[in-house]
Amino acid sequence: MTGVLDIAKSSLNRNGFLDIEVDPSLDLVVEINNMKKEKNAIILAHYYQESEIQDVADYIGDSLGLSQKAESTEADIIVFAGVHFMAETAKMLNPLKKVLLPDLKAGCSLADSCPAPMFKKFKEKYPDHIVVSYINCTAELKTLTDICCTSSNAEAIINSIPTDKGIIFAPDKNLGAYLIKKTGRDMVLWNGACMVHEIFSREKITKLMHRNPQAKFIAHPECEAHILDMADFIGSTSQMLKYTQQNSAASFIVGTEAGIIHQMELASPNKTFIPAPPTNNCVCNECPHMKRNTLEKLYISMKYELPEIILEDWVIEKGRKCIDSMLEVSANAGFKA
Ligand code: 13P
Ligand code: SF4
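**A few points about the overall build of the protein chain**
Now for step 1: Check the secondary structure of the protein chain and you find 17 helices and 12 strands.
Now for step 2: A compact globule built from 337 residues should have a C-alpha radius of gyration of about 20 Å, and the protein chain, at 20 Å, falls within 12% of that.
Now for step 3: In the protein chain, which comprises 337 residues, the share counted as buried stands at 56%.
Now for step 4: Within the protein chain, residue pairs in contact and separated by at least 24 positions form 65% of the contacts whose partners lie at least 6 positions apart.
Now for step 5: Here the protein chain has roughly 15100 Å² of accessible surface; of this, 49% comes from carbon and sulfur atoms.
Now for step 6: For the protein chain, the separation between the mean place of its 35 positive charges and that of its 43 negative charges on side chains is 4 Å.

**Focus: the packing of aromatic side chains**
Now for step 1: For the coordinates displayed, the defined rule picks out 7 aromatic pairs.
Now for step 2: On the basis of an interplanar angle of 90° and a centroid distance of 5.1 Å, the ring pair of Phe122 and Trp190 is categorised as edge-to-face. Remark: Trp190 occurs in the loop between strand E8 (187-189) and helix H12 (202-211) and Phe122 occurs in helix H8 (residues 116-124); sequence separation between them is 68 residues. Judged on exposure class, the residue Phe122 and its partner Trp190 are both buried.
Now for step 3: Among the aromatic residues, those joined into a cluster by ring pairs are Phe119, Phe122, Tyr126 and Trp190.

**Concerning the environment of Val56**
Now for step 1: By secondary structure assignment, the location of Val56 is in helix H4 (residues 51-56).
Now for step 2: Note: C-alpha distance between Val56 and Ala45 (11 residues apart in sequence) is 9.0 Å.

**Quick notes on the site of ligand 2**
Now for step 1: In the vicinity of ligand 2, the residues found are Tyr48, Val83, Cys108, Ser109, Leu110, Asn136, Cys194, Val196, Glu222, Cys287, His289 and Met290.
Now for step 2: Here the shell around ligand 2 is composed, by residue class, of 8 nonpolar, 3 polar and 1 charged.

**Here's the deal with the nonpolar core**
Now for step 1: Ranked by internal contacts, the top residues of the largest apolar core, which has 79 residues, are Phe80, Val132, Phe169, Phe217, Val254 and Met326.
Now for step 2: With 7 residues, helix H17 (residues 313-332) is the single largest residue contributor to this core.
Now for step 3: Residue contacts for Phe169: discarding those within four places in its chain leaves Val132, Tyr134, Cys149, Ile158, Leu175, Gly176, Leu179, Met187, Val188, Leu189 and Trp190.
Now for step 4: Ala8, Leu12, Leu28 and Val79 belong to the second-largest nonpolar core, a separate cluster that totals 24 residues.

**Side note on the sheet that holds strand E4 (residues 98-100)**
Now for step 1: Across the sheet, which stays open at both edges, the 4 strands sit in the order E2-E1-E3-E4 with parallel pairing between neighbours. Each edge of the open sheet carries a strand with a single partner, namely strand E2 (59-61) and E4. Geometrically, the sheet is characterised by an average inter-axis angle of 20° between neighbouring strands, direction not taken into account.
Now for step 2: Taken strand by strand, helix H16 (residues 295-304) contacts strand E1 (41-46), strand E3 (77-81) and E4, and its axis lies near 150° from that of E1.

**Side note on the site of ligand 1**
Now for step 1: Around ligand 1 there are 13 residues in total, and His46, Ser151, His220, Glu222 and Thr237 lie nearest to it.
Now for step 2: Contact distances for ligand 1 include 3.3 Å between an oxygen atom and a side-chain N or O atom of Asn136.
Now for step 3: A distance of 2.8 Å separates an oxygen atom of ligand 1 from a polar atom in the side chain of Thr237.
Now for step 4: Summarising the interface, the protein chains cover 97% of the accessible area of ligand 1, which totals 300 Å² for the free molecule.
Now for step 5: Its residues assigned to classes, the shell around ligand 1 shows 4 nonpolar, 7 polar and 2 charged.

**As for the packing of helix H5 (residues 63-72) against helix H6 (residues 84-93)**
Now for step 1: One can describe the packing of H5 onto H6 by two numbers: an axis separation of 8 Å at closest approach and a directional angle of 35°. H5 and H6 meet at a crossing whose hand is right-handed. For the pair H5 and H6, contact is made by Ser63, Leu66, Ser67, Ala70 and Glu71 and by Met86, Thr89, Ala90 and Leu93, respectively.
Now for step 2: Tallied by class, the residues present in the contact of H5 with H6 amount to 5 nonpolar, 3 polar and 1 charged.

**Looking at the side chain of Gln49**
Now for step 1: Inspection of the secondary structure assignment puts Gln49 in the loop between E1 and H4.
Now for step 2: The buried category is assigned to Gln49, whose relative accessible area is 1%.
Now for step 3: A polar atom in the side chain of Gln49 sits 3.2 Å from the side chain of Asn293.

**Points about a positive patch on the surface**
Now for step 1: Taken together, Lys120, Lys121, Lys318 and Lys321 make up a surface patch of like positive charges.
Now for step 2: Those elements giving two or more residues to the positive patch turn out to be H8 and H17.
Now for step 3: When you line up the elements, Lys318 lands in helix H17.

Calculation notes
Every residue gets a number counted from 1 within its own chain, in the order that chain's sequence is written. Both sets of labels track the order of writing: A upward for chains, 1 upward for ligands. Totals for whole chains, interfaces and linings use every residue, but because this is a predicted model, local features are given only for residues with pLDDT of at least 70 and side-chain atom pairs only at 80 or more, for both listing and counting. Side-chain measures were taken over the full set of non-hydrogen atoms in the model, leaving aside hydrogen atoms and water. Secondary structure elements are taken from DSSP: a helix is a run of H or I of four residues or more, a strand is a run of E of two residues or more, and numbering for both begins at the N terminus. What the globule rule says is 2.2 Å times the number of residues to the power 0.38, and the radius of gyration is computed from C-alpha atoms. Classification of residues uses two cut-offs on accessible area relative to the type maximum, computed with a 1.4 Å probe and protein chains only: under 20% is buried, over 50% is exposed, and between them is partly exposed. For this analysis, residues touch if any pair of their heavy atoms sits within 4.5 Å. All accessible-area figures derive from a Shrake-Rupley calculation using a 1.4 Å probe, and residue coverage is judged against the displayed protein chains alone. When charges are counted, Lys and Arg are positive and Asp and Glu negative, with His and the chain ends excluded. Charged side chains are reduced to one point each, which is NZ for Lys, CZ for Arg, CG for Asp and CD for Glu. Stacked, edge-to-face and tilted are the three classes for Phe, Tyr and Trp ring pairs, Trp counted by its six-membered ring, which pair at centre distances within 6.5 Å; planes under 30 degrees apart are stacked, over 60 edge-to-face, the rest tilted. For each residue, the test is whether any non-hydrogen atom lies within 4 Å of the molecule or strand; if one does, the residue is near. Lys, Arg, Asp and Glu make up the charged group, whereas Ala, Val, Leu, Ile, Met, Phe, Trp, Tyr, Cys and Pro make up the nonpolar group; the residues left over, Gly among them, are polar. The set of buried Ala, Val, Leu, Ile, Met, Phe, Trp, Tyr and Cys residues whose side-chain atoms join them within 4.5 Å is what this entry labels a nonpolar core. Strands are treated as partners if at least two bridges between them are detected by DSSP. Each axis is a line fitted through C-alpha atoms, taken for helices only over the stretch in contact, and angles between the N-to-C directions span 0 to 180 degrees. Polar contact is the term for a pair of N or O atoms within 3.5 Å; when the atoms are in protein, one must be able to donate a hydrogen and the other to accept it, and sequence-neighboring residues count only if both atoms are side-chain atoms. Crossings are assigned a handedness: left-handed for a near helix turned anticlockwise from the far helix by less than a right angle, right-handed for a clockwise turn. Like-charged residues are merged into a patch within 9 Å and nonpolar side chains (Val, Leu, Ile, Met, Phe, Trp, Tyr) within 5 Å, provided each residue has over 30% relative accessible area and no salt bridge. Between Lys or Arg on one side and Asp or Glu on the other, a salt bridge is scored when a side-chain nitrogen of the former is within 4 Å of a carboxyl oxygen of the latter.

Rendered as structure tokens:
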């Protein structure tokens, strides 16, 4: 007899998640917390997740912190509340664990902008160059990469490469251009970008700054150069959060995905956080990929232990080398989750 789960499983490829109705009378937070204990599961969430997912997570962090946690956890199941490349990274770092992603279609425009076969051809033009890939890329791209970086450690990673070596940086041209400026290194850039960080309006931010002259404008390095030029502070999500805690300003215009404002408000309840506006009236400062995860999908995913991230052995073996190299340089430079 075909059951509800079989029907849901058969639609997994199409939908990216188990399409099962959740009993509306359930207290999902209680259910999720119970399953964490019963199944020895850990929930890792990125700052861009919905607030209610962040509130139920065991660890909330940026891409680097999440990788470090995924590598060190003793839990049997890693439930990744983030996007596909992050869950793949967790699987590569801790392949014996079951890694769940509530919605397999939670992708990333940056990762999508750099298909491995195209990059392979591009790389052949620069045979002596070191390939540095932003962690926001597919597992397959990582197999073509010498060392990864995140927005937290990117400068340290570039500076760890001998100055006589040429560098290809993929896939984010904005982060790449920012790093060229910061490190003075000449790098060949892949032409990719994040759909969320490319949408901020210089004109609207300028107006906001005029209306809020005391506010500090903080921006993520995935933003375009003309946005970064206006910023009082540039950093990864965790660095932006830290800045808002340590800086004496009472208000901040936040130039990254708006989900992080939840942690900023929790950490500094008396400060005001204004999301930087996009060029049009959409909610484009919310990542549609990150936002595919919901509390319901998280609950279903933990209950049925699906969808699971499965990677071929050769991808894990070859792809994790560049992540291990990154973690080693990060540890030596003092980056801790
Ligand atoms: P960080 O987590 O490194 O700040 O990067 C932000 C991002 O875009 C993740 O997708
Ligand atoms: Fe990818 Fe941008 Fe979404 Fe981050 S915010 S997951 S870089 S599309």
